[in-house]
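Now for the letters of each chain:
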Amino acid sequence: MPHNASLRSPWFAPPAARAWRCAPAPAEVRRFHTGLPGYAPTPLTELPPTAAELGLGRVFVKDESRRLGLPAFKALGASWAVHRVLAERDEEGPVTLVTATDGNHGRAVARTARLLGQRARVLVPRGVHPRAVAAIADEGAEVTEVPGSYDDAVRLAAEAASAPGTVLVQDTAWPGYERIPGWIVEGYSTLSAEIDEQLAAAGIDGPDLVCVPAGVGSLAQSVVTHYRSRRAGRPPALVTVEPEAAACVLASLARGEPVSLSTGETTMAGLNCGTPSSLAWPFLRDGLDAAVAVSDAAGARAAADLAALGVRSGPCGAAALAGLRALLTGENAAGHRAALGLGPASVAVLLSTEGPDANPHAEP
């Protein structure tokens, strides 16, 4: 089956996805983050007009436009992973943290390195806006621009990290490199823990659906881990959203095994990934209810609509709203609602993973 054949239509997991269970993230991750300077839970903002549009009871958006002083959620994973890396090092002296990035992860690694007195080297693929590249350099990192794809940059970063005194801190995994990406995924667990507390404060016992943008799938893995490790309460439906130009999770789910795609151009630069993380894949395969791909135009409309409701969201973050719209207002919307177990009283949470200044795209 050609990869592109499945990219424009939703793919639904078997009903067993909501019954699948896994182990939870370590509890000490949240304690670590609460001890960081400047830590505060990011807002969970209710969107009544969006709930009315989608025919749901309540819709909330987790606004990650300002997380630990950065315009995206990535600092949660980078800070915890670098903490673990440094705690387990035997060598004395500074270390150079090496990574590839579409923008947000690299800046988070660079910021963490600077705060801890370490060095950072960040490789950036084509398609990342010059302002995003400059923001990484402003953190004190050595930035290398790669004339290839994100996957190319990851490969070159892994090669660069073979030098003495260097450690690869990559937010995607492959066979033989899964320990540090696993720490990054653990770091993201704080985001879901905050959502639980914020919904509880609103008198809500957990969401009925969580919609999360996916690049290589590490944040989605964290969300699956959080909600599929709970033993009590109703399990929510979990949905990933990707750009049509780089829907590697959707294509892999449709194939039943991980596949790599040649990615195209997209304003959703942080999601422009062609290969799912090997660590994330089993969680996505077994724990997701649905995956959907959206156009840049749909993402831009969602970002504008969120801005009108007071939520600053970049193209990647707004993908969550665009994806849920595609499922609940597009073709076969009634079938999608039934498959996801949604009704007029259901509660949905959208993860807006970045603000508009995280990955600025080219001006028209």
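Higher on the page you've got the structure.
Values in this document were obtained by computation on a predicted structure and should not be read as measured data.

K.L.:
Quick question: what am I supposed to make of the nonpolar core here?
P.N.:
Side chains of a nonpolar character, in soluble globular proteins, are inclined to be buried together. Leu-97, Val-169, Ile-180, Val-223, Val-349 and Leu-351 are the most contacted members of the largest nonpolar core, which totals 79 residues. Once residues lying within four places of it in the same chain are set aside, the contact partners of Leu-97 are Val-82, Val-109, Ala-113, Arg-119, Ala-120, Arg-121, Val-167 and Val-169. Among the nonpolar cores identified, the runner-up in size contains 33 residues, and Leu-56, Cys-211, Met-268 and Ala-348 belong to it.

K.L.:
I tried to follow the sheet that holds strand β7 (residues 166-168) on my own but got confused; where do I start?
P.N.:
Hydrogen bonds along the backbone pair up the strands of a sheet, which may run parallel or antiparallel. Pairing is parallel across the open sheet formed by four strands, whose spatial order is β6-β5-β4-β7. Whereas interior strands pair on both sides, the edge strands pair on one side only; in this sheet they are β6 (142-145) and β7. When the angles between neighbouring strand axes are averaged without regard to direction, this sheet yields 20°. In this fold helix α5 (residues 130-138) packs onto β5 (119-124) and β6, with an angle of close to 150° to the strand it touches most, β6.

K.L.:
How do you make sense of the packing of helix α11 (residues 296-308) against helix α12 (residues 315-329) when you look at a structure like this?
P.N.:
Each packed pair of helices is defined by two parameters, the angle between the axes and the distance between the axes. Close contact between α11 and α12 brings their axes to 8 Å; oriented N to C, the two are set at 110°. As far as their axial angle goes, α12 and α11 are roughly perpendicular. You can see that α11 and α12 cross each other, and the crossing is right-handed. Together, Ala-298, Gly-299, Arg-301, Ala-302, Ala-303, Asp-305 and Leu-306 of α11 and Ala-318, Leu-321, Ala-322 and Arg-325 of α12 make up the contact between the two elements. Here the residues of the contact of α11 with α12 are counted per class, giving seven nonpolar, one polar and three charged.

K.L.:
Just checking my understanding: could you explain the pattern of salt bridges for this structure?
P.N.:
When the charged atoms of two side chains with opposite charge come close together, those side chains can pair. Tallied over the entire structure, the rule returns 26 salt bridges. Notably, a salt bridge pairs Glu-64 with Arg-67, separated by 2.9 Å at the nearest N-O pair. For the pair formed by Glu-64 and Arg-67, the shared burial category is buried. Among the ionic pairs, Arg-66 bridges to Asp-357, the shortest N-O distance being 3.4 Å. Of this pair, Arg-66 sits in the loop between β3 (58-63) and α3 (75-88) while Asp-357 sits in the segment after β11 (347-352), and the two are 291 residues apart along the sequence. Arg-66 gets classed as partly exposed once you look at its relative accessible area, which sits at 46%. Owing to a relative accessible area of 36%, Asp-357 belongs among the partly exposed residues under this scheme. In the salt-bridge network here, residues are joined through shared partners; they are Glu-53, Arg-301, Asp-305 and Arg-325.

K.L.:
When you look at the pairing of strand β9 (residues 237-243) in this model, what are you seeing that I'm missing?
P.N.:
For a regular strand, the rule is simple: side chains alternate between the two faces of the sheet. Burial of β9 is extensive: seven of the seven residues sit out of reach of the surface. Side chains of β9 alternate between two faces, with Ala-237, Val-239, Val-241 and Pro-243 and Leu-238, Thr-240 and Glu-242 buried alike. Each parallel crossover has a hand, and for strand β8 (residues 209-213) linked through helix α8 (residues 218-228) to β9 it is right-handed. The pairing of β9 with strand β10 (residues 290-294) spans five bridges and is classified as parallel. Residue pairing for β10: Val-239 is matched across the bridge by Ala-290.

About the cut-offs
Residues numbered from 1 in each chain as written. Predicted model: local features only at pLDDT ≥ 70, side-chain atom pairs only at ≥ 80, totals over all residues. Heavy atoms only, no water. Core = buried A, V, L, I, M, F, W, Y, C linked by side-chain atoms within 4.5 Å. Buried < 20%, exposed > 50% of the residue type's maximum accessible area, 1.4 Å probe, protein only. Contact = heavy atoms within 4.5 Å. Pairing = 2+ DSSP bridges. Helix = DSSP H or I, 4+ residues; strand = E, 2+ residues; numbered from the N terminus. Axes fitted to C-alpha atoms, helices over the stretch in contact; angles between N-to-C directions. Parallel < 35°, antiparallel > 145°, perpendicular 65-115°, else oblique. Left-handed = near helix turned anticlockwise from the far one by under 90°. Nonpolar A, V, L, I, M, F, W, Y, C, P; charged D, E, K, R; others polar. Salt bridge = Lys/Arg side-chain N within 4 Å of Asp/Glu carboxyl O. Right-handed = clockwise from strand over helix to strand, strands pointing away.

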